[in-house]
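Chain residues, written in single-letter form:
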Amino acid sequence: MGVALALTTVLAACGGGQGSDDPDQLEMWTFKQSHVAGLEAAAEIFERETGVSVKIQAYTPDDAYNTKVAASARTNDLPDVLEVHANGSDFSFGGAGLLEDLSDDVTEEWTERFLPPVAQDGTVTRQFYEQSLAPGAATVGIQEGERYSVPFTVGTFGIVYANKERLQQAGFTEAPETWEEFIAMLDAVGQEFPDNGGVTIGMKVPSTGLEWMLQPMAYGQLGPDAYPALFSEDPEVNWSSPTGVRTLETFGQVNPYWTPGTGILGIDEADLSFAHGESTFVVGGTFTLAFLAENGVDPDNLLTFPIPPPEGAALPDMELKPFALTGLSVVREGGNMDTALEWVRFLSRDDVAREFAQTALDLPPNDLGPRPEEAVGPVLGAMAASLGESEDAYHAGDTSYKPNGYDAADVGAVFAEFAPLARRDAERSGEALSDLINSYWAESRR
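Below is a short write-up of the structure.

1. Observations concerning unusual backbone geometry
Note the cis peptide between Thr60 and Pro61, where omega equals -10 degrees. Summarising the element assignment, Pro61 is placed in the loop between strand 2 (53-58) and helix 3 (62-74). At the junction of Ala419 and Pro420, the peptide bond is cis and its omega measures out at 15 degrees in the coordinates. Its place among the elements puts Pro420 in the loop between helix 17 (408-416) and helix 18 (426-444). Of note, Ala422 is a non-glycine position whose phi angle comes to about 55 degrees, a positive value. Residue placement: Ala422 occurs in the loop between helix 17 and helix 18.

2. Let's talk about the pattern of salt bridges
Summed over all chains, the structure comprises ten salt bridges. Among the salt bridges present, the one from Arg349 reaches Asp351, with a minimum N-O distance of 2.9 Å. Since its relative accessible area comes to 27%, Arg349 is described here as partly exposed. The partly exposed category is assigned to Asp351, whose relative accessible area is 42%. Each member of the salt-bridge network shares a partner with another, and the members are Glu49, Arg349 and Asp351.

3. With respect to the nonpolar core
Within soluble globular proteins, side chains that are nonpolar generally end up buried alongside one another. Among the nonpolar cores identified, the biggest contains 112 residues, and Phe251, Phe281 and Trp343 are the most heavily contacted of them. With nine residues, helix 9 (residues 207-229) is the single largest residue contributor to this core. The residues contacting Phe251, other than those within four sequence positions of it, are Trp179, Met213, Leu214, Met217, Trp258, Phe415, Phe418 and Ala419.

4. Remarks on the pairing of strand 3 (residues 81-85)
For strand 3, the buried fraction is high: four of the five residues fall into the buried class. With two bridges joining them, strand 1 (residues 25-30) and strand 3 adopt parallel strand pairing. By the bridge assignment for strand 3, Trp29 is matched with Leu82. Where strand 3 and strand 10 (residues 323-330) come together, five bridges link them in antiparallel fashion. Across the sheet, Val81 pairs through a bridge with Val330, a residue of strand 10.

5. Focus on the packing of aromatic side chains
Applying the stated criterion to the full structure yields 26 aromatic pairs. Arranged with centres 5.7 Å apart and planes meeting at 75 degrees, the rings of Phe182 and Phe305 form a pair that is edge-to-face. Pair noted here: Phe182 is in helix 8 (residues 179-192) and Phe305 is in strand 8 (residues 302-306), with a separation of 123 residues, a long-range link. Given a relative accessible area of 3%, Phe305 falls into the buried group. Centre to centre, the rings of Tyr227 and Tyr394 are 6.2 Å apart; their planes meet at 90 degrees, and the pair counts as edge-to-face. Taken as a pair, Tyr227 in helix 9 and Tyr394 in strand 11 (residues 394-395) lie far apart in primary sequence, 167 residues in all. The residues Tyr227 and Tyr394 share a single accessibility class, namely buried. One aromatic cluster is present, formed by Tyr219, Tyr227, Phe231, Trp239, Tyr394, Tyr401, Tyr406 and Tyr440 through successive ring pairs. Directly above the ring of Phe193 sits Arg166, whose terminal nitrogen or CZ lies 5.6 Å from the centroid.

How each quantity is defined
Here the residue numbers are simple positions, counted from 1 along each chain's written sequence. For this predicted model, a pLDDT threshold of at least 70 governs which residues receive local features, and a threshold of 80 or more governs which side-chain atom pairs are given and counted, while totals over whole chains, interfaces and linings are taken from all residues. The side-chain quantities take in all heavy atoms of the structure and omit both hydrogens and water. Each helix corresponds to a stretch of at least 4 residues labelled H or I by DSSP, and each strand to a stretch of at least 2 residues labelled E; elements are numbered beginning at the N terminus. Within this document, salt bridges are pairs made up of a side-chain nitrogen of Lys or Arg and a carboxyl oxygen of Asp or Glu, the two lying within 4 Å of each other. In this scheme, a residue with accessible area under 20% of its type's maximum is buried, one over 50% is exposed, and one in between is partly exposed, where area comes from a 1.4 Å probe on protein chains only. What makes a nonpolar core is a set of buried Ala, Val, Leu, Ile, Met, Phe, Trp, Tyr and Cys residues whose side-chain atoms join them at distances within 4.5 Å. The contact criterion used is simple: two residues touch if any of their non-hydrogen atoms lie within 4.5 Å. A strand pair is defined by DSSP finding two or more bridges across the two strands. Centres within 6.5 Å are what make two rings of Phe, Tyr or Trp a pair, Trp counting through its six-membered ring; a difference in plane orientation under 30 degrees is then read as stacked, over 60 as edge-to-face, and the rest as tilted. To sit over a ring, a charge needs its Lys NZ or Arg CZ within 6 Å of the ring centre and within 35 degrees of the ring normal.

As structure tokens, this is what we get:
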């Protein structure tokens with residue numbers, strides 16, 4: 001039974017009554033241990049300003065958190081505020097009746113604090129509503145226009161983390177601007193550090209290599225018109241086409257530099273491999289920084305940069321469009337909803353968001369201005385500087401050009417046969433990718 005279905009069943013049996021009824025106390029749950037210290041620091045300021053205390057509790061990992069939420073819904077013992085996966089568990093919990101619809105509470109004045117690409121995240125769009133109608137959908141019950149969260153942390157995939165000291169020893173002090181420069185860096189560092197100079201990524205989750213590396217590189221190389229065509233049924237332009245094969249061949253230049261075992265490492269395991277010095281590069285997202293720091297990596301010893309486009313790319317200065325990673329939700333029918341909403345609004349305040357970011361090492365949704373490094377420090381600032389809101393910025397969360405039923409895990413598993421496993425060449429991989437994607441298009445028409 002999925003989370004949404006389980007919660008719907010629970011709520012049908014029990015109803016509301018969640019949250020604190022003490023006007024001077026709130027409770028908030030999060031699934032991110034790295035957020036606790038920052039939230040507690042914010043809570044101290046909130047209590048000084050309002051007289052209301054906020055108890056922060058973390059339940060990890062995600063599965064344990066979802067189980068806790070479901071169990072507490074059964075006993076009417078939920079907190080006042082939940083941190084949620086934006087455009088994900090907020091919709092699952094909201095559709096099941098756990099969360100307050102904030103569409104009338106989140107004003108334009110509030111959202112003006114946020115970067116425009118994320119300002120409406122947490123709101124049910126037509127696309128999300130239609131997806132909720134599919135059999136077995138985890139978001140059943142949502143309605144277009146409802147809002148179940150406001151952005152709390154934002155970011156994107158496709159961020160490379162590199163050991164700065166090792167790079168300097170190999171003669172590099174600046175981030176590469178092209179894919180070819182990145183490959184040259186990998187080669188030089190690998191020669192300087194033959195045992196641990198490679199790059200890793202959590203390919204045990206096969207969609208990571210596809211979505212965190214290949215797709216941003218391909219988007220930069222081909223641009224916003226030709227890139228979506230890779231996922232079409234047209235053999236003249238999709239992955240099986242000459243353009244698709246050349247894109248794969250370009251990406252394949254990284255294959256000699258994978259850290260041994262990359263194909264069987266989970267995301268956390270790959271990050272730990274880097275943290276323990278077993279590799280010099282790891283690919284993740286803006287969210288990876290906090291985990292690395294938790295596991296002993298000194299942020300001052302990191303050089304970070306987005307996956308760069310190849311030479312002659314359609315978008316040589318490609319930006320990454322941010323999307324909300326986590327959001328803040330108010331539990332429905334809580335005993336202290338007005339104060340809970342005040343706490344959520346407080347966390348969105350520019351000064352509070354910046355302080356939280358520096359403590360949690362996670363990017364806030366707020367506009368950090370032209371010099372983000374001054375607001376959140378050099379490492380977070382460098383990642384913030386790679387984000388953009390132009391029409392041509394790469395949006396990792398955009399799936400509008402893919403068929404209904406598209407399964408990134410299965411497509412990623414096909415791609416993994418090419419990189420990092422190198423069991424298929426680019427031409428056969430392009431054909432295999434197109435065959436699988438074409439099957440989704442065919443299924444979507446039935």
